[in-house]
Amino acid sequence: MAHASLDLPLWQDPASRSAPWLISLLIYVATIVFLIALTIHSLIDRWDRDTSHKLTIEIPPMTQSFDHLAAPFTEDMAAKVSQKLRDFPGIKSFRTANQAEIIKTLEPWFGDAEQIKDLPLSKLIYVQLEPGRSFDVIQLQKQLNHIYPAINVEDHFNWKTGIFNMAYAVQIISFLIVVLIFVAVIAMISYMTRTSLIIHRHIIDILHLIGAKNQYIAWQYQSHSFKLALRGTFLGVILVAITLLVFDNIMNQFDFPLITKALSSWDIWAITLIIPALVVVLMAYSAKVTALKMLRRYNF
Amino acid sequence: MMNKKAALAPNLNNLIEMEKLTLSFGQSHPLFDEMNLTIKEGSFQFLMGPSGAGKSTLLKMLYLDQLPDKGTLRAFGLNIRDLSMDQRALLRRKIGVVFQDFRLIDNLTALENVSLPLKVQGVHNKQRQEEAMELLEWVGLKDKFNAYPPEMSGGQQQRVAIARAVIVRPKLLLADEPTGNVDDDVAMRLIYLFEQLHKSGATIVVATHNHALSAAFPYDEMMIQDGKVKVLKKSEEN
């Protein structure tokens, strides 16, 4: 009954049996790749927003290796630094990080908080810049170094650029993989349709002889491909959902809040469903166009 | 001047007009050589000739599946060389064909096969099922509506093919050796069936090599001989 509307026995074609499995695999790969690209984009975007218009001023602890820093960072120096930051153009606000914040920042690299406490820790000052206003980081660095030579102004620019470039490369590669998968889907459907037109030529002749237009025959291929795509999509989406749930569970266990937050946002899931939807539309349309082209070209 | 123009214009009373039509399939001796043929609306004709004479090929040209190499073929007043594939498809909807090998679709039931010409025309499912059922009853196969062609005998398949050919109430019905696989009694009944359609206004062309059968009916015979068609008139009414 599912094929009641088709005159051509397209569901009996050998390719029709394996097509849903192949489509589900392609949809799975394309969706996962697309999702990776989206997650990276979302993470980078969120992180960029968090670090934009921000500076971190690091005042390293006094160490043996820096003879010239024999003088410790004094309260007087701290007051001068604060005054400089208040007077320097383009700074909206600033605050000194407390010890708990510093330990939390270092935890991913140095492990247990108790052990970090015993290490000589830098002082950190978080600076918020005024948005839309140019800021001279080098001048600030120079002026702060007059107060205390070891002060370092970190504007995140260098390592942000490196990470952004890497993220863009991953996104471009992901996009190319998705495009390749779409091309593979079109090629597969085109080949299936061509083969099927040859297999069922005798029925197509009958349809023509009783007055069927090429559009009517092409519609049969469109309808059949649409059903195949829906089956393949259904399987593919289930596989994607299982993968994401497992991944989300693992991420929660290892406490990667940014990733779990990115994965749980609705817009990412909605956009992820675009891939299967596009595959369904693409398959149906490719089948119709290929059938029409073949019917016209070879005067079936 | 007027007479010349009138001679070139299609005659709408002529359903089919063939003028100086040549078809050779690349052979040095053409199958049809500058053949002229006219089939008038409302006529009933037997197309006669020995096996291999070209009866099936002539029918193929009549149902627009074969273009001539040279000459003019007009169907329903239209030159088929001027028609697109879709326009030819539309024209074929006025033609019913009973093929020698029936050409039923094996994966469709008798009912689906009969209703198929209405389906391609976009007729609603309920209406086409009702009409197909009526025709299956007419050809005595009402109880076989759900059978697939491979489950039916040759005679039953032929009747399904006839029902499919007439479901669109064709203006022109072509039958290629419809009596070839049945005994004389069934053959006579088939021709009576076609007579009923003829009386309702359809133009009928039946290709057969059975002289006894054509002799039993008062209809004209078209005889293919030496690449041409000769019409043997039996009755002035036709």
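A quick note: this is a predicted structure, and the numbers were derived from the prediction, not measured.

*Asks:* Would you mind going over the overall build of chain B in detail, with residue names and values included?
*Replies:* A tally of helices and strands in chain B yields eight helices and 10 strands. Residues classed as buried in chain B amount to 54% of the 238 residues present. As displayed, chain B has an accessible area near 11,500 Å², and 48% of this comes from carbon and sulfur atoms.

*Asks:* I'd love a proper account of the overall build of chain A, names of residues and values included.
*Replies:* Scanning chain A from N- to C-terminus turns up 11 helices and four strands. Buried residues in chain A amount to 40% of all 300 residues.

*Asks:* Outline the nonpolar core, listing residues and values.
*Replies:* By size, the foremost hydrophobic cluster in this structure holds 42 residues, and its most contacted members are Leu8(A), Ile23(A), Leu207(A), Ile217(A), Tyr221(A) and Met283(A). Tallying contributions element by element places helix H11 (residues 274-297) of chain A first for this core, with nine residues. Those residues in contact with Ile23(A) that lie beyond four places of it in its chain are Met188(A), Leu228(A), Ala229(A), Gly232(A), Thr233(A), Val279(A) and Met283(A). With 41 residues, the next largest nonpolar core counts Ala110(B), Leu111(B), Leu135(B) and Ala163(B) among its residues.

*Asks:* Got a sec to walk through the interface of chain B and chain A? Specific residues and values, please.
*Replies:* Across the boundary between the two partners, chain B contributes 19 residues, which contact 21 residues of chain A. Between chain B and chain A we count one salt bridge in total. Counting residues per element, the ones that place at least two in the side of chain B that touches chain A are helix H3 (85-92) and helix H4 (110-120) of chain B. The element best represented in the side of chain B that touches chain A is H3(B), accounting for five residues. Tallied by class, the residues present in the side of chain B that touches chain A amount to 11 nonpolar, one polar and seven charged.

*Asks:* Lay out the pairing of strand E8 (residues 203-207) of chain B in plain terms, naming residues and giving numbers.
*Replies:* All names here are of chain B. Of all five residues in E8, five are buried, a share of seventy percent or more. A two-sided burial pattern is seen for E8, the buried positions comprising Thr-203, Val-205 and Ala-207 on one face and Ile-204 and Val-206 on the other. Relative to E8, strand E3 (residues 44-48) runs parallel, the two sharing four bridges. Directly across from Phe-46, in E8, lies its bridge partner Val-206.

*Asks:* Any chance you could break down the sheet that holds strand E1 (residues 54-59) of chain A for me, citing the residues and the numbers?
*Replies:* All names here are of chain A. Pairing is antiparallel across the open sheet formed by four strands, whose spatial order is E2-E3-E1-E4. Edge positions in the sheet fall to strand E2 (91-96) and strand E4 (152-154), since each has one partner strand and no second. The sheet shows a mean angle of 20 degrees between the axes of neighbouring strands, direction not considered. The pairing of E1 with strand E3 (residues 123-129) spans six bridges and is classified as antiparallel. Its bridge partner being in E3, Lys-54 is matched across the sheet by Gln-128. Strands in contact with helix H5 (residues 137-147) are E1 and E4; relative to E4, the strand with the most contacts, it is inclined by about 155 degrees.

*Asks:* Lay out the pattern of salt bridges with the relevant residues and their values.
*Replies:* The full count for this structure, using the stated rule, is nine salt bridges over all chains. Across the salt bridge formed by Glu101(A) and Arg95(A), the nearest N and O atoms sit 2.8 Å from each other. Accessibility expressed as a relative area gives 25% for Glu101(A), which makes it partly exposed. Put simply, Lys55(B) and Glu177(B) hold a salt bridge, and the shortest N to O gap is 3.6 Å. Here Lys55(B), found in helix H2 (residues 55-62), pairs with Glu177(B), found in the loop between strand E7 (172-176) and helix H7 (184-199); they are 122 residues apart in sequence, far enough to count as distant. Assigned by exposure class, Lys55(B) and Glu177(B) land together as buried.

*Asks:* Before we move on, can you summarise empty space enclosed by the protein with the specific residues and values?
*Replies:* Evaluation of the coordinates by the stated rule reveals two cavities of 30 Å³ or more. Here the largest cavity defines a volume of roughly 100 Å³. Contributing to the lining of the largest cavity are Leu209(A), Ile210(A), Arg92(B), Arg93(B), Ile95(B), Gly96(B), Val97(B), Phe99(B), Pro117(B), Arg164(B), Ala165(B) and Val168(B). For the lining of the largest cavity, the secondary-structure elements that each account for two or more residues are strand E6 (95-98) and helix H6 (154-166) of chain B.

*Asks:* I'd like a rundown of the packing of H6(B) against H7(B), residues and numbers included.
*Replies:* Residue and element names in this part refer to chain B. Between H6 and H7, the shortest axis-to-axis distance is 12 Å and the interhelical angle comes to 10 degrees. Judged by the angle between their axes, H6 and H7 are roughly parallel. Across the interface between the two elements, Gln-158, Ile-162 and Val-166 from H6 touch Leu-190, Leu-193, Phe-194 and Leu-197 from H7. A per-class count over the contact of H6 with H7 returns six nonpolar, one polar and no charged.

Scoring rules and cut-offs
Residues numbered from 1 in each chain as written. Chains lettered and ligands numbered in written order. Predicted model: local features only at pLDDT ≥ 70, side-chain atom pairs only at ≥ 80, totals over all residues. Heavy atoms only, no water. Helix = DSSP H or I, 4+ residues; strand = E, 2+ residues; numbered from the N terminus. Buried < 20%, exposed > 50% of the residue type's maximum accessible area, 1.4 Å probe, protein only. Areas by Shrake-Rupley, 256 points an atom, 1.4 Å probe, with all protein chains shown as cover. Core = buried A, V, L, I, M, F, W, Y, C linked by side-chain atoms within 4.5 Å. Contact = heavy atoms within 4.5 Å. Salt bridge = Lys/Arg side-chain N within 4 Å of Asp/Glu carboxyl O. Nonpolar A, V, L, I, M, F, W, Y, C, P; charged D, E, K, R; others polar. Pairing = 2+ DSSP bridges. Axes fitted to C-alpha atoms, helices over the stretch in contact; angles between N-to-C directions. 1 Å grid on protein atoms, 1.4 Å probe; cavity = no way out; pocket = protein on both sides within 12 Å on 5 of 7 lines; lining within 4 Å. Points joined across faces, edges and corners; volume = space filled by probe spheres on them. Parallel < 35°, antiparallel > 145°, perpendicular 65-115°, else oblique.

Note that every value here comes from positions in space, so none of it alone points to a role or purpose.
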